[in-house]
Amino acid sequence: MGGDFAPKATIFGALLALQELDSGHTVQLVGQTSVIESELQSALSGELASASSVRARIEIVEAPDVIEMNEKPTAGLRKKPNSSMIVGLKLQVDDKSDAFVSAGNTGAQMASSAMLLKLQPGLTRPAIATVFPTARNPVIVLDSGANVDCSSKELLQFAWIGSVYAECIFGRPNPSIGLLSIGEEPEKGNAVVKEAHVLFQKAGFNFHGNIEGRDLPAGASDRGAFDVVICDGFVGNVVLKFYEAVAPLMMRVLSEHPEINADHVKSALKGFDSTNSGGAPLLGCRGVSIICHGNSPPRAIKNAVKVAVRAVETGMNDQIGIKLEAVEPFINGAESA
């Protein structure tokens, strides 16, 4: 029920996903039953008539309340225990589902996921991991909006879970971890980033060193390519939204200059379309919670569902838990080290 284009975009996205997933997968649509049934009927008798064959793989779960996009997360959780977000996450807690996908209130999803799914041992906060296209391979940036203020210890935690995510989902052994700063030198950055740099050097993962904002589109610094970029959620979200605006701007400029033969440029820019990845996992929870943009169209929802499927099938959370258990003594002693 959450998102700028809900419930239509969510329902259309679910139908599109089921058409591409094998018959062993099902989708639960959580929300106001009468609204969902009406939208489903409209979709299957109109634009998505071709998806009628997957209707049997959809279950509707009643949840009368909706946490609005502008509600304060804690207020929504406290006042609306029967919201689609709470009910949807509880399905996973009760082993009635494997993953949760939403384009609703991000703060509420983060808070309710941490509260209901719980965090992996040793973690103090979860982080949103977003895939950024680059001139090389895509890179994973976290945190991209869950935590606006972070300690150096929390940035270290993000580095470990980002490393496991790169291995599990992208198949990158020994991924290179970069720390976003205002210069490549260790002494550059604010106090937290400088402290994090010291911790990263001792951590035991493949630390690339500091990277700068200009390195992100290239997917590499002058020291080579990197796979994961670590920053706090304030910086990460600013970079993400700037990044998302670049491709539309360039497309508009090109369209206003027809004298430029720019077909190959436009084709390349399609890779910067945020609907390709669909949603970003909230890493660190003992479950799968995929956060989508509030303005997600059906295609983004479809791809977010597929991200959730990959997270479940690769056992991503179990692997994060195993890795964190192994490094927990170092993480917990990081601040005193």
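Criteria and thresholds
Residues numbered from 1 in each chain as written. Predicted model: local features only at pLDDT ≥ 70, side-chain atom pairs only at ≥ 80, totals over all residues. Heavy atoms only, no water. Pairing = 2+ DSSP bridges. Helix = DSSP H or I, 4+ residues; strand = E, 2+ residues; numbered from the N terminus. Contact = heavy atoms within 4.5 Å. Axes fitted to C-alpha atoms, helices over the stretch in contact; angles between N-to-C directions. Parallel < 35°, antiparallel > 145°, perpendicular 65-115°, else oblique. Left-handed = near helix turned anticlockwise from the far one by under 90°. Nonpolar A, V, L, I, M, F, W, Y, C, P; charged D, E, K, R; others polar. Expected span 1.5 Å × (residues − 1). Buried < 20%, exposed > 50% of the residue type's maximum accessible area, 1.4 Å probe, protein only. Polar contact = N/O pair within 3.5 Å; in protein donor to acceptor, adjacent residues only side chain to side chain. Disulfide = S-S within 2.5 Å. Salt bridge = Lys/Arg side-chain N within 4 Å of Asp/Glu carboxyl O. pLDDT = per-residue confidence, 0-100. Core = buried A, V, L, I, M, F, W, Y, C linked by side-chain atoms within 4.5 Å.

**Student:** Please clarify how the sheet that holds strand β13 (residues 289–292) should be interpreted in this entry.
**Tutor:** By definition, the strands of a sheet pair up through backbone hydrogen bonds, in either a parallel or an antiparallel sense. Within the open sheet, the four strands sit side by side as β3-β13-β12-β4. Their pairing is mixed. Each end of this open sheet is capped by a strand with a single partner; those strands are β3 (100–102) and β4 (127–128). The pairing of β4 with strand β12 (residues 279–283) spans two bridges and is classified as antiparallel. Counterpart to alanine 127 in the pairing with β12 is leucine 283. Packed on one face of the sheet, helix α4 (residues 84–93) meets β3 and β13 and runs near 160 degrees to β3. Set on the sheet, helix α11 (residues 298–313) makes contact with β3, β12 and β13; between it and β13 the angle comes to about 160 degrees.

**Student:** Can you help me understand the packing of α4 against helix α5 (residues 106–117) in this one?
**Tutor:** Describing two packed helices takes the angle between their axes plus the distance from one axis to the other. Where α4 contacts α5, the axes come no closer than 10 Å and their chain directions differ by 30 degrees. Classed by the angle they form, the pair α4 and α5 counts as roughly parallel. Relative to α5, the crossing made by α4 is right-handed. Across the interface between the two elements, Met85, Ile86, Leu89, Lys90, Gln92 and Val93 of α4 pack against Ala108, Gln109, Ser112, Ser113, Met115, Leu116 and Leu117 of α5. Each residue belonging to the contact of α4 with α5 can be placed in one class, and the counts come to eight nonpolar, four polar and one charged.

**Student:** Would you explain helix α1 (residues 8–20) in this entry?
**Tutor:** Note on helix geometry: an α-helix contains 3.6 residues per turn, so any two residues three or four positions apart are oriented the same way. Given a rise of 1.5 Å per residue, 13 residues ought to cover 18 Å, and the 19 Å separating the end C-alpha atoms of α1 matches this to within 8%. For α1, the full list of buried residues reads Ala9, Ile11, Phe12, Gly13, Ala14, Leu15, Ala17 and Leu18. Along its buried surface, α1 packs onto β1 (27–31), α2 (33–44), β2 (58–62) and α11.

**Student:** Help me understand the side chain of serine 289 in this model?
**Tutor:** With respect to the helices and strands, the residue serine 289 is situated in strand β13. In this structure serine 289 comes out as buried when scored by relative accessible area, which is 2%. In terms of polar contacts, serine 289 uses its side chain to reach the side chain of serine 113, at 2.8 Å. Apart from the residues within four sequence positions on either side, serine 289 is in contact with Leu89, Phe100, Gln109, Ser113, Leu117, Ala280, Pro281 and Leu282.

**Student:** Is there a simple way to think about the sheet that holds strand β7 (residues 176–180) in this case?
**Tutor:** Strand order in the open sheet made by the five strands is β5-β6-β11-β7-β8, with mixed pairing throughout. Looking at the sheet topology across the chains shown, the edges are occupied by β5 (130–132) and β8 (206–211). This sheet shows a mean twist of 30 degrees between the axes of neighbouring strands, independent of strand direction. Here β7 pairs with strand β11 (residues 228–230) via three bridges, running parallel. When the bridges of β11 are listed, glycine 178 appears paired with valine 229.

**Student:** How should the pairing of β1 be read in this particular structure?
**Tutor:** The two faces of a sheet get side chains in turn, since along a regular strand they alternate between them. Most of β1 sits out of view: four of its five residues are buried. Pairing of β1 with β2, which is carried by five bridges, proceeds in the parallel orientation. Note that in β2 the partner of valine 30 across the bridge is valine 61.

**Student:** Mind showing me how you'd approach the state of the cysteines here?
**Tutor:** Between two cysteines, a covalent bond joining their sulfur atoms is known as a disulfide. Per the stated rule, a full pass over the model turns up zero disulfides. Unpaired in terms of disulfides, cysteine 150 finds its nearest cysteine sulfur in cysteine 231, a separation of 8.5 Å. Using a relative accessible area of 5% as the deciding quantity, one classes cysteine 231 as buried.

**Student:** Help me understand the pattern of salt bridges, please; the structure alone is not making it clear to me.
**Tutor:** Side chains that carry opposite charge are capable of pairing whenever their charged atoms lie near each other. According to the stated counting rule, one finds 10 salt bridges in the structure shown. A salt bridge links glutamate 47 to lysine 8, with the nearest nitrogen and oxygen atoms 3.5 Å apart. Within this pair, whereas glutamate 47 is found in the loop between α2 and β2, its partner lysine 8 is found in helix α1, the two being separated by 39 residues in sequence. Assessed through its relative accessible area of 63%, glutamate 47 is described here as exposed. Arginine 223 is the partner of aspartate 222 in a salt bridge, and the nearest nitrogen-oxygen pair spans 3.6 Å. Under the relative-accessibility criterion, aspartate 222 is labelled exposed at 66%. A single network of salt bridges, built from pairs that share partners, joins Glu20, Lys302 and Lys306.

**Student:** Looking at this structure, how should I read the confidence of the model for the protein?
**Tutor:** Looking at the protein as a whole, its pLDDT mean stands at 89, while 91% of the residues score no less than 70. Confidence, expressed as mean pLDDT per element, reaches its minimum in the protein at helix α10 (residues 263–269) with 58 and its maximum at β11 with 98.

**Student:** Sorry, what's going on with the nonpolar core here?
**Tutor:** General note: in soluble globular proteins, nonpolar side chains tend to be found buried as a group. By size, the foremost hydrophobic cluster in this structure holds 59 residues, and its most contacted members are Leu142, Ile161, Phe200, Phe205 and Ile230. Of the residues forming this core, the biggest block, 11 residues, is contributed by helix α6 (residues 152–170). With 15 residues, the next largest nonpolar core counts Phe12, Ala14, Leu29 and Ile58 among its residues.

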